[in-house]
Structures are given as C-alpha cells and as structure tokens.
Amino acid sequence: MTIQEILLQHEPEKKNILPAIKAINQNLSWVSEEAIGKIARYFGESEAYIFSVASFYDEINFNKPALLTLEICDGANCQIKDSDNIIKNVETFFKIKVDSFNNQFVLKRMSCVGRCLEGPVVKINGTIYTKMTTDKVIELIQNYLGY
Amino acid sequence: MKILTKDWVIGESLNFQDYLKVGGYKALRKVLKKMKSTEVVAELKKSKLQGRGGAGFSLGSKWEIVATKKCDQKYFICNLDESEPGNFKDKSLGENSPHQILEGMIIGAYAVGASKAFLYINGTFAMAGQKIEQAIEDCYQNNLLGKNILASKFDLELEIFYGAGAYICGEESALINSLEGKRGEPRLKPPYPCDSGLFRKPTVVNNAETLANVAWIIENGAVEFAKIGKPDSPGTKLFSVDGAVERPGLYELTMDNTIEQIIRTAGGVKEGFEIQFIQVGGSSGRIVPRFLLSEIPSYSRGAVIPIGSGAILAVSANEDLKKILLSWINFFQRESCGKCVPCREGTFRLKSIIERLVSGDFDQNDRQDLHKLIWTLDNTTFCPLGKFSVVALKDVIRYKMIKEF
C-alpha cells in the first residue's frame, strides 16, 4: 500500500492522526520525511506538529529499519530471569553495543509487554519471542541474518 | 471469593455466547430497564469500589461528578494501557473476558450520560486487542451498542484505540492528549478530566479491572460488595505474582490478605530460595522487606503498603539489588516524556549514578547528588512519573539495603 492509500482509510479528524501514523509505520516499517509531509497535508497540520506527535511514541521508526532489530526487555521481572546477561552476551558475541546505530543490526532495551510469566522476553523485527536464553537468541539472530 | 475470574477457563477466552451463559449482560438489562442513571451512580458510590489502576479513587464519586454536569457531549474512556513492568492483569482480563469490561463501560456511559466511549489499549497487546474488537462487533450485532440499546432510547458508540508504546499514556490526562492526536504528555491539573477532558468535555477515565467489577455490583448489590475484603478498601483484586515463587501467575484474592498469604496462594517461596524483599505495584511500587510481610496491602488511606496496580514481585536473596535498581531507573529514564526538566534530566542523572554504583565507581559526590536528585524528582516534577521513579529507591535507603547510600 502507498502512503496515500493508507491515509485515505482514515477520516481527516484529529483523533485519527496517531492511528494513521501507526498504520504507515506498520505497513512500510518506518515513517519517512516524505510520509510526515503527506500526513501533515492530509490532516491540515504543520510537519513539525506531526513529527512532534510521531516522535513521542516508541513504536514509530524514523530510520529505514536495519536488517534486524533486536529488543530485549529489561524490566525487573525479566531481569531476574537473566535478561541482563542475554544483553551482555549478545553484545560480545556480535560485537555491537546497545542503542548504537548500524544498518545491519540494532540492539535496544524494551519496556514490559506484559508477558512476564514467559520471560525473558525479546522482540525481533516486531515479533515477540518468550522464554529466551542466550543460546536461543543467538540462534534466532543467525537465522534472521541468514548465517 | 471471586468476582472477576469466577467464570474463567484457563487458556480459553469467554466469547459472546459463553458470556451470556454465565449470566453476562443481565446487569446491563437490569440497568437499562429498571434503573435511573442516578440510581446506578448511587449504587456504585455505596459499594465503595476504588480505581484499580493504582490511585484508588472512588469510582462512584468520579461518575457522580460527570453525571451531574450539564453538557451536550460527554465521553467515557476505559484505560487498558497497562504498561507497568511486571503487571499483566488488564491484559489477561482483555484476553480472557473482554465482555466483562465492555458491560462495565456501557453501564458507566449510561450512568454518566456519555454517548461516545473509547477503549484505549496498549499497542503491544495484539491478542487482547483482537478479542476486544470481536467483542465490540458482537455487541453491535446484538444491539448492546449502537442506537437505541435494548429499546431503551440510550445510544452509545464504542471504539478501540491502540497506543503506540508510551508508559505515561496510562496517566489519564496524557491518555486523553494521545487520543486527541497530540503528544501523550500529561496536562496540568486542575481542571481534572471530569471537568474538562477529551476535547474539553467532561470525561470519565476508568481502569479496565475497575470496570469489570461493575456488572457484579449491579447484580448482587453494593451492600454485598462492601462486605468483601476490608471495610475501607472492599472487593477483590487481581495480583500478577512473579519471581521466586512456586507457581507464578494471575490470582484474584479478597483485599484482606497479607503479602505472606498472597505469596502462599502462589505456591509459597520457591524451594531452595530465600526472600530478599517483595515489590508491590511494579517498578513504581513500594518495597516490602521481610519484617513487613504480615502487612495487608490495600487502597486504604495511610496504608503501610499501598496496593498500587497489584503486581507482586518476589525477589530472592540471590539477586543483586544494584542491578534491579538499574533496571528500574533505566525504565523511568526511557519513559520520561521530556516535558519537564526535573524528570527529563533527573532520571538521566540518576541513571548515570546507579550505573556507577553497579560498576563500583560510586563516590561521596554521587552520594550527595543522589539525595538531592531524589528530593527533586519527588517534589518538583510536573506529573507523578518523577515521583514514581524514586518510590522504590527511597525504600532501599529507608531500609538501609545498600551500604553505599
């Protein structure tokens, strides 16, 4: 779907601004500068306003997504189930750092998604995986990257 | 004694037919056929039902304020933006019994005179969202939503609205801003949403678990409800129990149980482990050291242990408290919305101090700064998020759990 097609599914009312931004983010995996411009025109707001709203929310991406985005929950519940060590081990194994930008592989910390009982929880390119261990995470990453 | 989970089947969701079979929407029929809206409000007020989101404000009083407002448009919002770490009660409610929430919402909208309702759900709850969307559709098809509901001349439109990952949107005024297509930053109070909420109209915002109690109260009476639990904090509560217990999970218990009893319900402390402390209410919750385990967490004024949202995390003696401290502050630093300086900068500074504590570089200057920062976050931030970020840290200092402090 194109940006315009997605926009047309939403009535140009203020309460549909966030749903429209979300829909574009979901369908195209990110919200480009071009998209911000189109959303602004469609809802009759300034580009600055639309960007200020969109940038408030964690789910919205403004960079073309990396090949792989790995998010690891660091809530206290997942933490006592060893999520902290998984972060460290992934950092050393793939020689990357949390929050550093790289067009291949991005590693982030994530807030609780309410699946605490099945922790530690990780999210890979938007898909949630539960009951993770370092070995399982590394295997998943290698599958995604096609090693 | 169970109210919310009495009809739940593990691993299955109560669909429309199942819900009717266990007496669903009987309360709504009773309300629309036999009760005036003022009677509904009076009944809920008498039940002393308190908000289950954390603050514990009386639901009846909230409804009364909005119900007495003369206004052409009022709004009713259900808050299912549960994102407190360690909490999964509202999510489970949405997955297992979405109609219970909807029935409470429809009764509430009737009681306060709202013709438009929104259910604001955390954007990551795909499964709960799917169940709720189906439930809304079933309601529209069976004349429980839409025009002239059950031939009572009462109209209600109900919409689901997905959040996009922001903890602060669980705060009612931030949630309203988010619904209006703005940044999800909290508003200055007063005016409270009851006076000027969504699109500046009187608005009720209730937590999903609170609303799920409404149908039971209408059916069984406020007097019966007020008898359950503690007199000034009646009813049952969903507890999300996790950590070093035998059977982590979601438990519904009356609100007169001690923390020890809650832990025992979850199978007791895991074999071979010893409790270091219990945290009640998620990352913004109070710490309960071992000598306070016989306290009853509740919504009573001046309760030693406020129940908060009802998350119970049992932390064993094997865990490194410093690392858990870092997990809390990491969360608040990430979720601070950036609107006010004390919270935006304070959580950031606090994080670097705790990072130094973990790496062993904590010094005398850090110690001084730490106490100043705690005071600042506790007293000067715009909304409660700043205050929440130091609740547990203050307890760590109060109970002298880390010698460096």
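Residues numbered from 1 in each chain as written. Chains lettered and ligands numbered in written order. Predicted model: local features only at pLDDT ≥ 70, side-chain atom pairs only at ≥ 80, totals over all residues. Heavy atoms only, no water.

It is not clear to me how the overall build of chain B should be interpreted in this structure. Could you clarify?
Along its length, chain B carries 17 helices and eleven strands. Scaling as 2.2 N^0.38, a compact globule of 405 residues should have a C-alpha radius of gyration of about 22 Å, and chain B matches this with 21 Å. By its C-alpha atoms, chain B is 70 × 45 × 35 Å across when sized along the principal axes. Of all 405 residues assigned to chain B, the portion counted as buried reaches 60%. Taking all contacts inside chain B whose residues are at least 6 apart in sequence as the whole, residues at least 24 apart take part in 70%. The centroid of the 53 positive side-chain charges in chain B is displaced by 5 Å from the centroid of its 48 negative side-chain charges. (Helix = DSSP H or I, 4+ residues; strand = E, 2+ residues; numbered from the N terminus. Rg over C-alpha atoms; globule rule 2.2 N^0.38 Å. Buried < 20%, exposed > 50% of the residue type's maximum accessible area, 1.4 Å probe, protein only. Contact = heavy atoms within 4.5 Å. Lys, Arg positive; Asp, Glu negative; His and termini not counted. Charge placed at Lys NZ, Arg CZ, Asp CG, Glu CD.)

Would you take a moment to explain the sheet that holds strand β1 (residues 68-73) of chain A for this structure?
Strand pairing in a sheet is mediated by backbone hydrogen bonds. Such pairs are either parallel or antiparallel. Residue and element names in this part refer to chain A. Ordered in space as β2-β1-β3-β4, the four strands form an open sheet in which the pairing is mixed. A single partner strand is all that each edge strand has here, and the edge strands are β2 (105-110) and β4 (127-129). Going from strand to strand, the sheet's axes swing by 25° on average, the running direction of each strand aside. Both β1 and strand β3 (residues 122-124) contribute to a ladder of three bridges, which runs antiparallel. Opposite Glu 71, over in β3, you have Lys 123 as the bridge partner. Its contacts with the sheet place helix α7 (residues 134-145) against β1, β2, β3 and β4, and it is angled at close to 160° to β1. (Pairing = 2+ DSSP bridges. Axes fitted to C-alpha atoms, helices over the stretch in contact; angles between N-to-C directions.)

It is not clear to me how the domain arrangement of chain B should be interpreted in this structure. Could you clarify?
Note on interface size: it is often stated as the accessible area lost on association of the parts. Residues and elements named next belong to chain B. For chain B, the domain assignment lists domain 1 (16-227), domain 2 (234-316) and domain 3 (321-398). Summarising the inter-unit geometry, the C-alpha centres of domain 2 and domain 3 are found 24 Å apart. Between domain 2 and domain 3, a total of about 820 Å² is buried, with carbon and sulfur atoms accounting for 64% of that surface. Summed over the three residues of domain 2 that lose the most area to domain 3, namely Ser 283, Ser 284 and Ile 287, the buried surface amounts to 54% of that side. For the pair domain 2 and domain 3, the number of links is one salt bridge. At the surface where domain 2 touches domain 3, the tally comes to three residue pairs in polar contact (both at pLDDT 80 or more). (Domains from an automatic or database assignment. Buried area = accessible area lost by both parts, 1.4 Å probe. Salt bridge = Lys/Arg side-chain N within 4 Å of Asp/Glu carboxyl O. Polar contact = N/O pair within 3.5 Å; in protein donor to acceptor, adjacent residues only side chain to side chain.)

Would you mind going over the nonpolar core with me for this structure?
Note on soluble globular proteins: their nonpolar side chains tend to be buried together. Of all hydrophobic cores here, the largest spans 64 residues; its most connected members are B:Val40, B:Trp63, B:Phe76, B:Met105 and B:Leu119. At nine residues, helix α6 (residues 98-112) of chain B tops the list of elements feeding residues into this core. Beyond its immediate stretch of four places on either side in the chain, B:Leu119 contacts B:Cys78, B:Leu80, B:Ile101, B:Leu102, B:Met105, B:Ile132, B:Glu159, B:Ile160 and B:Phe161. Core analysis: the second largest hydrophobic core is formed by 46 residues, A:Ile3, A:Ile50, B:Ile77 and B:Tyr167 among them. (Core = buried A, V, L, I, M, F, W, Y, C linked by side-chain atoms within 4.5 Å.)

Quick question: what am I supposed to make of helix α5 (residues 89-96) of chain B here?
Helical periodicity: at 3.6 residues per turn, an α-helix aligns residues three or four positions apart in one direction. Counting buried positions along α5(B) gives eight out of eight residues, so the element sits mostly inside the fold. Those residues of α5(B) lying buried are B:Lys89, B:Asp90, B:Lys91, B:Ser92, B:Leu93, B:Gly94, B:Glu95 and B:Asn96.

Help me understand the pairing of strand β1 (residues 75-80) of chain B in this model?
Both faces of the sheet carry side chains from a regular strand, because those side chains alternate between them. All names here are of chain B. Counted residue by residue, β1 has six buried out of six residues, so it is predominantly covered. Sheet analysis places β1 next to strand β2 (residues 116-121), joined by six bridges and oriented parallel. Counterpart to Ile 77 in the pairing with β2 is Phe 118. Looking at chain direction, β1 and strand β4 (residues 203-207) are connected through five bridges and run parallel. Bridge assignment links Phe 76 to a residue of β4, and that residue is Val 204.

Hey, could you run me through helix α3 (residues 33-43) of chain A in this one?
Residue and element names in this part refer to chain A. All of the buried residues along α3 are Ala 35, Ile 36, Gly 37, Ile 39, Ala 40, Tyr 42 and Phe 43. Residues of α3 that are buried sit in contact with α1 (3-8), α2 (17-28) and α4 (47-54). At the exit of α3 stands Gly 44, carrying a positive phi of roughly 65°.

How do you make sense of the interface of chain A and chain B when you look at a structure like this?
Of the residues lining the interface, 33 residues belong to chain A; the matching set on chain B comes to 46 residues. Between chain A and chain B, a total of about 3,200 Å² is buried, with carbon and sulfur atoms accounting for 56% of that surface. Area buried by chain A at its contact with chain B is led by A:Lys15, A:Phe56 and A:Ile80, which between them contribute 22% of it. Between chain A and chain B we count three salt bridges in total. Of the charged contacts, one joins B:Asp242 and A:Lys81 as a salt bridge, the two residues approaching to 2.6 Å between their closest N and O atoms. Where chain A touches chain B, the interface holds 19 residue pairs in polar contact (both at pLDDT 80 or more). Within the residue set of the side of chain A that touches chain B, elements represented by two or more residues are α2, α4, α5 (76-79), α6 (83-94) and β2 of chain A. The leading source of residues in the side of chain A that touches chain B is α2(A), at four residues.

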